[in-house]
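# Examining the three-dimensional arrangement
Given next are the chains, with one letter for each unit.
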There are 6 protein chains.
Amino acid sequence: TAGMVGADLANLANEAALLAARRNLQQVTMQCFEDALDRIMIGAQRPLVLSPEERKITAYHESGHAIVAMMTPGGDAVHKVTIVPRGQTLGVTQFMPTEDRHNYSKNYLLARIAYGLGGRVAEQVALGEVTTGAENDFQNVTGIAREMVTRWGMSNSVGPVFYGADREVFLGREMSLGQQREYSEQTASMIDQEVKDIIQERYQFVEGILSNNRPFLDKMAETLLERETIDANDIAAMMRELHLEKPVATASR
Amino acid sequence: TAGMVGADLANLANEAALLAARRNLQQVTMQCFEDALDRIMIGAQRPLVLSPEERKITAYHESGHAIVAMMTPGGDAVHKVTIVPRGQTLGVTQFMPTEDRHNYSKNYLLARIAYGLGGRVAEQVALGEVTTGAENDFQNVTGIAREMVTRWGMSNSVGPVFYGADREVFLGREMSLGQQREYSEQTASMIDQEVKDIIQERYQFVEGILSNNRPFLDKMAETLLERETIDANDIAAMMRELHLEKPVATASR
Amino acid sequence: TAGMVGADLANLANEAALLAARRNLQQVTMQCFEDALDRIMIGAQRPLVLSPEERKITAYHESGHAIVAMMTPGGDAVHKVTIVPRGQTLGVTQFMPTEDRHNYSKNYLLARIAYGLGGRVAEQVALGEVTTGAENDFQNVTGIAREMVTRWGMSNSVGPVFYGADREVFLGREMSLGQQREYSEQTASMIDQEVKDIIQERYQFVEGILSNNRPFLDKMAETLLERETIDANDIAAMMRELHLEKPVATASR
Amino acid sequence: TAGMVGADLANLANEAALLAARRNLQQVTMQCFEDALDRIMIGAQRPLVLSPEERKITAYHESGHAIVAMMTPGGDAVHKVTIVPRGQTLGVTQFMPTEDRHNYSKNYLLARIAYGLGGRVAEQVALGEVTTGAENDFQNVTGIAREMVTRWGMSNSVGPVFYGADREVFLGREMSLGQQREYSEQTASMIDQEVKDIIQERYQFVEGILSNNRPFLDKMAETLLERETIDANDIAAMMRELHLEKPVATASR
Amino acid sequence: TAGMVGADLANLANEAALLAARRNLQQVTMQCFEDALDRIMIGAQRPLVLSPEERKITAYHESGHAIVAMMTPGGDAVHKVTIVPRGQTLGVTQFMPTEDRHNYSKNYLLARIAYGLGGRVAEQVALGEVTTGAENDFQNVTGIAREMVTRWGMSNSVGPVFYGADREVFLGREMSLGQQREYSEQTASMIDQEVKDIIQERYQFVEGILSNNRPFLDKMAETLLERETIDANDIAAMMRELHLEKPVATASR
Amino acid sequence: TAGMVGADLANLANEAALLAARRNLQQVTMQCFEDALDRIMIGAQRPLVLSPEERKITAYHESGHAIVAMMTPGGDAVHKVTIVPRGQTLGVTQFMPTEDRHNYSKNYLLARIAYGLGGRVAEQVALGEVTTGAENDFQNVTGIAREMVTRWGMSNSVGPVFYGADREVFLGREMSLGQQREYSEQTASMIDQEVKDIIQERYQFVEGILSNNRPFLDKMAETLLERETIDANDIAAMMRELHLEKPVATASR
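Residues numbered from 1 in each chain as written. Chains lettered and ligands numbered in written order. Predicted model: local features only at pLDDT ≥ 70, side-chain atom pairs only at ≥ 80, totals over all residues. Heavy atoms only, no water.

A separate point is the sheet that holds strand β5 (residues 229–231) of chain F. Residue and element names in this part refer to chain F. The strand order β2-β1-β5 describes an open sheet built from 3 strands, whose pairing is antiparallel. The two strands at the open ends of the sheet, each matched to only one other strand, are β2 (92–96) and β5. Each neighbouring strand pair of the sheet contributes to a mean axis angle of 20 degrees, computed without reference to strand direction. Bridge count between strand β1 (residues 77–82) and β5: 3 bridges; the pairing is antiparallel. (Pairing = 2+ DSSP bridges. Helix = DSSP H or I, 4+ residues; strand = E, 2+ residues; numbered from the N terminus. Axes fitted to C-alpha atoms, helices over the stretch in contact; angles between N-to-C directions.)

With that settled, consider the pattern of salt bridges. Oppositely charged side chains are able to pair whenever their charged atoms sit close together. A full pass over the atoms with the stated rule returns 48 salt bridges over all chains. Here aspartate 218 of chain B makes a salt bridge to arginine 214 of chain B, at a shortest N to O gap of 3.2 Å. Placement of both aspartate 218 of chain B and arginine 214 of chain B in helix α7 (residues 214–227) is noted, with a separation of 4 residues, approximately one turn of the helix. With relative accessibility at 19%, the residue aspartate 218 of chain B sits in the buried group. The closest approach of N and O atoms between arginine 227 of chain F and aspartate 234 of chain F, which form a salt bridge, is 3.0 Å. Through salt bridges that share partners, Glu135 of chain A together with Glu147 and Arg151 of chain B make up one connected network. (Salt bridge = Lys/Arg side-chain N within 4 Å of Asp/Glu carboxyl O. Buried < 20%, exposed > 50% of the residue type's maximum accessible area, 1.4 Å probe, protein only.)

All names here are of chain F. For the pair helix α3 (residues 52–71) and helix α6 (residues 185–212), interaxial distance at closest approach is 10 Å and the crossing angle is 95 degrees. By the criterion of interaxial angle, the relationship of α3 to α6 is roughly perpendicular. When α3 is examined against α6, the residues Gly64, Ile67, Val68 and Met71 are found in contact with a partner set consisting of Val206, Ile209 and Leu210. Counted by class, the contact of α3 with α6 contains 6 nonpolar, 1 polar and no charged residues. (Parallel < 35°, antiparallel > 145°, perpendicular 65-115°, else oblique. Contact = heavy atoms within 4.5 Å. Nonpolar A, V, L, I, M, F, W, Y, C, P; charged D, E, K, R; others polar.)

What follows concerns the sheet that holds strand β1 (residues 77–82) of chain D. Residue and element names in this part refer to chain D. The strand order across the open sheet formed by 3 strands is β2-β1-β5, and the pairing between neighbours is antiparallel. Since the sheet does not close on itself, it has two edges, and those belong to β2 (92–96) and β5 (229–231), each with one partner. Across the sheet, the mean angle separating the axes of adjacent strands is 20 degrees when strand polarity is ignored. Relative to β2, β1 is paired through 5 bridges, and the arrangement is antiparallel. For alanine 77, the partnering residue across the bridge sits in β2 and is methionine 96. Sitting on the sheet, helix α3 (residues 52–71) is in contact with β1 and β2, with an inclination near 165 degrees to β1. Sheet contacts for helix α8 (residues 232–241): β1 and β5; angle to β5, the most-contacted strand, approximately 75 degrees.

Take it as geometry only, folks, not as evidence of what the structure does.
Here is the structure:
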C-alpha cells in the first residue's frame, strides 16, 4: 500500500479537514492528517484484544517488514509501524514513497517483494514458528512477481513477451468470462518457474538481512510491545544506537 | 468446528437467554449455555435410532477424534464427546479453543488435521472396517492442507508463493464463473503432491497415536456406549486412571 | 436402488393406503404394500411385448444380479426378481436392506458393485453375447467406485484425501457453472486408474461367482422365463435344492 | 436410421391415412404406407438434378451400404435402395429391423458400423475416388463406437466403466454448460484409441466384403443407375443370380 | 468463393434484372449478369487508390491464384481476374464451377487448397516479399483441410472417424457455449499434424507450379497491371501463346 | 499507432477546423492540424510533473523508439518525439507512415516490432535499469508477432496454417464465450516458441542498433530533456551532424 496518486491526496486533505471540524479545531493540524491517513489506509480502530502470544508474533511480523524495508536499497521509506489492531489487520507497517512515481524500476519492485516477505521471515527466524498471518503478503508479492514476468519483461528466461490477459467487466465485476488462456501449458509452466525463482531468491535475501540484523529485529519488536506504535524518527534513533545505515541503491541486476 | 469469534459468542448468549426464558428460569444457568452451544453447533436433537453396529462404529469414530486431540500437542482441548445423533451427524466431538486466535500457526493446523483424521483411523485400527462416515472429515482436512500449501506458504517445496483464487459472487452464490486457473498443470501437480504428503504424514502419525493408546481408545468407546455423552472431566479421569498425560507443544518442524 | 430412508417409508405407506382405498379394501393388505413399493420404485406397468430372445437375455441378466447378491457376503438381501417390463426397464431385481444404515462400510459398497455388475456378466457367461442393457448398471457402479476413491478415502494409492467437488444450483438445476477442477491431470489420472481397478477386480470376482454357480444361474433364468416373477422364498428354495448357502461377511480387505 | 419405436409406428399410420385421404382412396394401401415412410424418414421429394458423375458415385455409395448390410450377419435387413434425391440426401438405403428390439447386442452394433462405412468404402474400392458424401455416415458410426466404449462396456481395454456425461438443458437446448469432463486426459486418450480401433477394424472388414463382392457391387450400382430404386426382392434376385447368400450370425467376439 | 447453389443463381438473376431496369434496357444483357455477379460476390466498387507497390503485389497475388487453378487438375475454371479494389479486397480471382456439385471429391478439395495458397506463393516466388494479404486465404484453406481430416475421413492416419462438434445457437449467434471438446489432447495433436501436413504438401506443390511457370506468372501480372481485369478468354490466349495446357485430372492419391 | 485510414483523416480535418474556429483564425493553419493530430492520438495535455529521474528515463525511452525506427529499413518515418506527458503516457514517439498501406509486408512488421522494443532496450543500454513503462510496448509487439505466426503464415516452422479464433460479441463486448481453442497443446507450444523467437531475435537486433548508436541516443535524450519536443527536421539535423543515414530496405528474410 505504498504510494498515493493525486486523487488520494485530495481525499486525504478532505478527510483531515473533516476530522478537524469534528474536533472543533481552528486549523487542520498535522495530527489530523496522520489520523486521516490511518482511516483511509487501514480503517477505523476496533476494540480487539490480542493474546500475549499473538501480540508478540505480530510485533515480530511488522518489525520484519520494517527492517527489510530499511535495509533494502531502492524501496520506500518506512513511515510508521503499529501493532494496534484495526479493521481486518492485527498490525500495520506504513510506507512513505520517496517520490511521486509513475513507472516502477525492477530494483524497486524487487525491494517491495523483499519487505513484503519480511513479516513471515521474521516469524520464522525469531520465533521458529510460522502462522497464517502472511497470506495477504504472499498474495501481493506473488502478484508483483507475476506481473514482472508476464507484463514487464523483467525475467530473462521469459523475455520481453507479453503474457497478460485483458480482463472483461460483466455485470459490474471484472472477470474473465470463459476467456481462454492464449498461451500453452509449457509457457505457463515456464512463467510459474520464473515467478517462484524470483520469490525464492528474495526470500533467501530477506533471511540474510534478518539473520544479520537480529539485534535490530529484537529491539524493534520489544519497543513495539512496549509502545504499540513507532515512527520513522524512532526507527532512525534505533539505527543510530545500533550503528546501522540504510544501504544505497545501485543499478539493477 | 473449533473456535468461535465475537459474533458467535453474542449469538450464543442470546440463544442461552432464550432457552432460560422458555424454561421460566430466574437466571441463565450454565446448562442453558451448554444447550445453546449444542443447538448452534449441531442443531436440534432428532429421534434417530442407530443399529448396535453403527453405535459401536460411531463410538470408536468419535473416540478417535477425541484421543488424537488429547495426545497431539498444540491443538484445541476436547470439550465434550457424544454419540447422541443430532441433525445430520451420528456423533460429535466438541472442542474448546484454548484462546481467542486470529491467525493460526503451522503446528496448530497440523494438530487439527491430525484429530480430523482420528475418526477414520480409529475405525480401521479398532474394528478393521472403514465406512463412509469420514467424508466430511476428509473434506475439512484436505481444505486445511490445501490452504497451507497454496495460501500460507507452509510447504517447503511449493514455497512462499500464493496460488489461491479470488472467488466471484454471481447471482448471490460464490463461484468462479469460467475463471481460468492462473498456474500451470506442473504447479497443480506439485501442489497436489504436497497436499497428499501432508495428509499422509498426519495419517501415519495418527495411526501411531491410536495404536499406542489402544486401551484408552477402547475405554472411551465403551464409556460412550454406556453413557452416550462424556465431557472434559470424564476424559481427564480416564487419562489419570491410565496414567496418560497430554504432551506439550514444541516449535514447528 | 437398495435402501429406503424414513421419508420413503412414509411415502410407501401413503401409496399403499391409496391403493387400498381404490380397491375398496377394509384394511391395507401386504399386497397393497407390495404393489405400492413396485409403483414407487419401478413405475406403472406397461403393455410391452419382448421378443423371446430379449426375454431370455433379460432373465439371465436379472438372475445375474440376484445370484451375485446372494453369493456375496455383506450386501443386501434379494427381495424379488421379475422380468415383467415396467416403465423404462425390461426387468428388475429388488433388494431388501438388512438394516436401516446411515453410513456404509467398504465391504458393503464392494458388494453393491459386485451385484451391479452381475447382470452383464451373466449375459456374457451364459449367452456369450453382451448387450446395451447394462448401461445404467455401469453408471451406478462407476459412481460408487468414484466416490469410494475421491470422497471416502477407500483407495490405498489415493489415500484419505478429498477430491470431490461442491455442486452449484443454477436456475434450479445442479450443475458446475464453469467451476474449475481443483486438482491436477496427474491426480485425475490416478483417480481414474483406481476406479477402473476397483471395478475390474469386482468384475473378475463376479465372473468367478457366476462361472462356479452356473446351474443356479440356469435354474433361476428358466424359472423366471416360466413364472416371470420370483421372491426371496423361491430363491431360498432353489438354493436348498442346489445345496447352496449365502456366505458370511468377514472384515474388509 | 434403422429401427422404429411405437410412437414412430403411430406417426407412420397417421401419415399413411392422410396420404390416402388426399388421394381419395377408400382404404390405406400399402403404397400409402411406403410413401408415408419415405416422407417421414427422408422428407418430401425435390426436383434436384444430379450430374452423371454424382449419380454414379451415389449409386455406388448406396450399393455399398446395402451390400455390406446383406453380407454382414446380425444386422438389419435392407428394405429399399434409391438414388432419387430427397431433402438433404442424394440417395438412401432403408433398413427393415428384423424385430422390435429394446437393447442392442454388440454384434448388432458392429454390423451397423459396418454398413454405415459401406458407402465410403464402395466409392474407394470401385471408383478410386472419395467424396464428402460420407460425413453423416462417419458421424453416426463414430457415435455408436464411442457409446460402445464409454457407456456399454464393450471395449476390453476400457472395461465396464461408465465414462458418459449427463447432458443439461439450458434455455431449451441440451448442452453441457461449462460442465467439466470428469475423467483424465489419459483416459480420454485411451477412449479415443478404442473408438478408432473399432472403426478401423470395421473398415478393413468392409473393404474385404466389397472387394470380394465386386460383381454384386457393380451389378447393384448399374441397376440403380437404370431403375433409380430397388427393393428387397430385387436384391434377393440379384443374389440368387450371383449365387450369394446372407451369412448367419454367430456369437460375438 | 467458387461454386453457387440454386438460391444464389436466383439471386443473381434478380440482381441482373434490377440492373437492367436501372439502365432502362429492354432485356437483361450478359453485361448485366456480369455486373450483378460482381455486386453479389465482391460488393460495390469503392474509389480506393493503391500505391504502385501494392498494385504490383496484388497483381502477382491474384495471378498466383489464377495460374495455380489453371495448372491444377480437378479444380474449378477461372472466370475473371481483377485488381480493381472493391469492398474489403484489393483484388479478386473469380471461379466458374464446371458443374453443379453437391458433394466434393478429395481431389477437388486438394485443388481448392492449392489455388487458395497460390496468392501467397506468388508473392514469395516472384517478389521475395510476403504480406498480410493472404490471411483470408489461409483461413479458408485451413478450414477445408481441417474438415477433410475431422469430418470427411480423408486423412489416412486419422481415418474414417468423426471429430467434428455440433455448434449451438445462443442469443442468435452460433457458438459453443462451454461445450467440452470430446476427444483427447493426443487426438487433437494428431489432427493438427495432419492438417499441417496437407497444407504443407500443397504449398510445395504450388511452389513447383509457380516456379515452373514463371513466364506465365509474369505475363499475367503485367497484363493485370496494364488492363486491371482479364477474363477466361484472355487467360486462354496467354496459355496458347506460351504453349501451355490445363492438365487432366486423374484418380486421387 | 502508426498509419491512418480515410475515416481518421476526415476526423483529423474536422478537429483541425474546430481548433481554428476556437482560435478565431481565418483559415486552418498547419499548426491546427498538428495540434488536432496530437489531441486525437494522445489526448489533451495534463499538468503532470515528472521527477528528474523519470524525465530522464522517459527521454531515453522515447529516443530508443525513435532511433530504432530511423535506423531500421522498411518501417515508418518518425514525425515527432515528445516527453510532455499527456493522458496516460509520459512521452510519445509519433510516426508518419510513408504511404497509405492496406496490407503489411513481413519486413514492415519486423521493423515495427523493432522500434516497439526500442524504448525498453534504450533504458537498459543507457541507464542499466529497466522499468514498467514498456508494458504497452510489449503488448503491442507480442500481438504483432502472434498474428504473424497464427494468421499471416510468416513463421517457417508453423507454416501457412491459420490458427486464429473468431471473436464473438456478447452484451456489446468482444469476447470468446467459452469458445474452445481448436488446436492442440502441442501446436500452442509451437506457436509460443515462434512468437518468442521472433521477439527475441528483434530484441538482439535492437540492442545492436542502440549499442552501435550510443552517441545518437545520448544526443537525442539530452535534446529532449532541454526542449521537451523534437520533430523530423531536428532528427535529420542530428543525423547529419553525426554523419548517419537511414538504411535502405532489402527483401525479407
